[in-house]
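Coordinates in review
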Amino acid sequence: TASPAAVHAGVGEILDAGREARALLRDLLAFTGRQTLELQTLSLREVVSDAEDALRDSLPADVGLLVRPGSGEALVNADPGGVREILAHLVDNAKGAMPEGGYVVVAVDEVELDEAFAREHPSTRPGPHVMLSVTDTGVGMDDETQARIFEPFYNPRRTGTGSGMGLATVYGIVKQLGGSIWVTSRPGGGTTFRIY
């Protein structure tokens, strides 16, 4: 017969596995656009400002965080939980790209996209947009990695940690909200994700 400590440890492992499975299912639903989002008009600037402490707490001591919430209202029709999830995944991805430390900059800006930008970025339309960007000073990515970064279960660092669903989840939520996401990066030059 098993000792009470062994039974307790086994129950803990079962509960942990259940939480991981629930999180993976939530991420898969987000990626496929089947996650239930509660849309409302909200200030992206306020959501980012409200999330700042939690984002800072998620980073190790050698990674600094700078939040630039912008000065405009930055009103969007979005799900506040979905936006917080996007922020958490992008900041976590940035943290993973900076094993030696560095900085993450989260910014909100109101921008006007022109016809030339829309031609180069087919999922966008010209006109006024709110942009959320997350930039890191990390190791950057080559073109091959950038081409696969939003694939489910793709983990370019292959560290054995994480489900490989973080950026796929971000992509799914952004698409479900009717937005677009673009990444710019180069090896050794950091990475910027821009969501319109």
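Quantities reported herein were computed from a predicted structural model and do not represent experimental measurements.

What follows deals with the packing of helix α2 (residues 44-57) against helix α3 (residues 80-96). For any two helices packed against each other, the geometry comes down to the angle between their axes and how far apart the axes lie. Put simply, α2 and α3 touch, their axes get as near as 10 Å, and they point 50 degrees apart. Relative to α3, the element α2 lies oblique. Here the hand of the crossing between α2 and α3 comes out right-handed. Residues Leu 44, Val 47, Val 48, Ala 51 and Leu 55 of α2 form the contact with α3, whose own contacting residues are Pro 80, Val 83, Arg 84, Leu 87, Ala 88 and Val 91.

Where strand β2 (residues 63-68) and strand β4 (residues 102-113) come together, 6 bridges link them in parallel fashion. Among the inter-strand pairings, Gly 64 is bridged to a residue of β4, identified as Tyr 103. Pairing analysis gives 10 bridges linking β4 to strand β5 (residues 127-136), with the strands arranged antiparallel. By the bridge assignment for β5, Glu 112 is matched with Pro 128.

Reading across from one edge, β2-β4-β5-β7-β6 is the order of the 5 strands in this open sheet, with mixed pairing throughout. Edge positions in the sheet fall to β2 and β6 (181-185), since each has one partner strand and no second. Recorded for the sheet is a direction-independent mean angle of 20 degrees between the axes of neighbouring strands. Contacting β2, β4 and β5, α2 crosses the sheet at an angle of about 165 degrees to β2.

Criteria and thresholds
- Residues numbered from 1 in each chain as written.
- Predicted model: local features only at pLDDT ≥ 70, side-chain atom pairs only at ≥ 80, totals over all residues.
- Heavy atoms only, no water.
- Axes fitted to C-alpha atoms, helices over the stretch in contact; angles between N-to-C directions.
- Helix = DSSP H or I, 4+ residues; strand = E, 2+ residues; numbered from the N terminus.
- Parallel < 35°, antiparallel > 145°, perpendicular 65-115°, else oblique.
- Left-handed = near helix turned anticlockwise from the far one by under 90°.
- Contact = heavy atoms within 4.5 Å.
- Pairing = 2+ DSSP bridges.

All we've got here are geometric facts, nothing functional implied.
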